Amino acid sequence: VNILHKNLSIPVTAKFRVFPSVEKTVQYAKMLEASGAQILTCHGRLREQRGVNTVRLSLLPCSAVKKAVKVPVFANGNILYQADILRCLEETGCDGVMSAEGNLYNPAFEHEPEEQNGIKHYHPEITDPAHPLYLSNKSILTRHPPAPLAALEYLDIVRTLRTTTGLSAVKGHLFKLLHQSLKRETDLRERLGRIKISQHAYKEERENGVWNEESGVGQYMAVVKEMAGRMGRDMKAAFAEGKQLKDLIVIHPHAGLEVMPHWLLQPYFRALPGPPTEGE
């Protein structure tokens, strides 16, 4: 960090995971600050707590780091919903939050304020869980838009970017955006997984600006359009029964987190292991 700080003309930032003790975590953060890091991002899990070993993290180390250093501190970990952002900032006092998986599965959950004439306008009915309209259909759809529509928008971005997006990345993003829908529509999941596209076909599509639904990335578009039709069907059926979106939100029995209707963007989370049973 110090070598980069001394030899680069741009600020250097550093992200790190916590240690078993808060004291060692704070000591490490101070060392990074002294080395020249301009922003610190503190992830509240140990290095070993990944994948199936993921556990609920504690925000205490992030809070202690924020109090101990002078540079801005971002908190990282367990940022899955809009409400998690405010909760994390309030509990830690940090200057911001960082999200990885949360953004990949639902890019809309970090709702940006509208800007008019250089002034940012926040909408508490979208960002504040205490607001009476927080669970209105409009607010929920702002935080959790229909997944197929987001996937179609993503494919349009891929088509218009000047740089080429790797085909494996395109498929990976679609699986993440549509993960809850694909659990139900297994034929579309299999169809999406079987799609193979040659680099030649991909290059032709980008040059022509038109997706080819027979041999190119347009195959992805065809699957997503089919999914949009099916999810639209399910959404209309639910609303025809007089239900509101808030009535369709359930709590995961093991993770204790909100599960949205399957046609909406939402986070992926691993159900945490329960307490050991007798004899384990």
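Residues numbered from 1 in each chain as written. Predicted model: local features only at pLDDT ≥ 70, side-chain atom pairs only at ≥ 80, totals over all residues. Heavy atoms only, no water.

(A) Expanded view of the pattern of salt bridges. Tallied over the full model, the rule gives ten salt bridges. The closest approach of N and O atoms between R233 and E185, which form a salt bridge, is 3.4 Å. Of this pair, R233 sits in helix 13 (residues 218-240) while E185 sits in the loop between helix 10 (179-184) and helix 11 (186-194); the two residues are 48 residues apart in sequence, bridging distant segments of the chain. R230 is the salt-bridge partner of D187, the closest N and O atoms lying 2.8 Å from each other. With D187 in helix 11 and R230 in helix 13, the pair connects residues that are 43 residues apart, well separated along the chain. A relative accessible area of 38% means that D187 is categorised as partly exposed. A network of salt bridges, in which partner residues are shared, links E185, D187, E226, R230, R233 and D234. (Salt bridge = Lys/Arg side-chain N within 4 Å of Asp/Glu carboxyl O. Helix = DSSP H or I, 4+ residues; strand = E, 2+ residues; numbered from the N terminus. Buried < 20%, exposed > 50% of the residue type's maximum accessible area, 1.4 Å probe, protein only.)

(B) Fine view of the packing of helix 8 (residues 147-160) against helix 9 (residues 167-177). Packing of helix 8 against helix 9 brings their axes to within 9 Å, and their N-to-C directions diverge by 165°. Our classification of the angle between helix 8 and helix 9 gives roughly antiparallel. At the point where helix 8 passes helix 9, the crossing takes the right-handed sense. When helix 8 is examined against helix 9, the residues A147, A150, A151, Y154, L155 and V158 are found in contact with a partner set consisting of A169, V170, H173, L174 and L177. Looking at the contact of helix 8 with helix 9 residue by residue, the classes come out as ten nonpolar, one polar and no charged. (Axes fitted to C-alpha atoms, helices over the stretch in contact; angles between N-to-C directions. Parallel < 35°, antiparallel > 145°, perpendicular 65-115°, else oblique. Left-handed = near helix turned anticlockwise from the far one by under 90°. Contact = heavy atoms within 4.5 Å. Nonpolar A, V, L, I, M, F, W, Y, C, P; charged D, E, K, R; others polar.)

(C) The arrangement of the packing of aromatic side chains in detail. According to the stated counting rule, one finds three aromatic pairs in the structure shown. Each member of the aromatic cluster is reached from another via a ring pair, and the members are F16, F19 and Y28. The side chain of R143 reaches across the aromatic face of Y134, ending 3.7 Å from its centre. (Phe/Tyr/Trp six-rings, centres within 6.5 Å; stacked < 30°, edge-to-face > 60°. Lys NZ or Arg CZ within 6 Å of the ring centre and 35° of its normal.)

(D) Expanded view of the nonpolar core. Of all hydrophobic cores here, the largest spans 40 residues; its most connected members are L155, V170, L174, I197, Y202, V217 and Y220. When residues of this core are traced back to their parent elements, those giving at least two are helix 8, helix 9, helix 11, helix 12 (199-208), helix 13 and helix 14 (245-248). Residue contributions to this core peak at seven residues, all from helix 13. Excluding anything up to four places from it in sequence, L155 contacts V170, L174, W211, V217, Y220, M221 and V224. (Core = buried A, V, L, I, M, F, W, Y, C linked by side-chain atoms within 4.5 Å.)

(E) Here's a closer look at the environment of V97. Mapped onto the elements, V97 comes out in strand 4 (residues 96-98). Judged by relative accessible area, which is 18%, V97 ranks as buried.

(F) The arrangement of helix 12 in detail. Listing the buried residues of helix 12 in full gives A201, Y202, E205 and R206. End-on view of helix 12: buried residues confined to an arc of 135°, all on one side of the axis. Of the exposed residues in helix 12, those oriented more than 90 degrees away from the buried face are Q199, H200, K203, E207 and N208. Looking at the buried positions of helix 12, the neighbouring elements they touch are helix 8, helix 9 and helix 13. (Arc of directions from axis to C-beta.)

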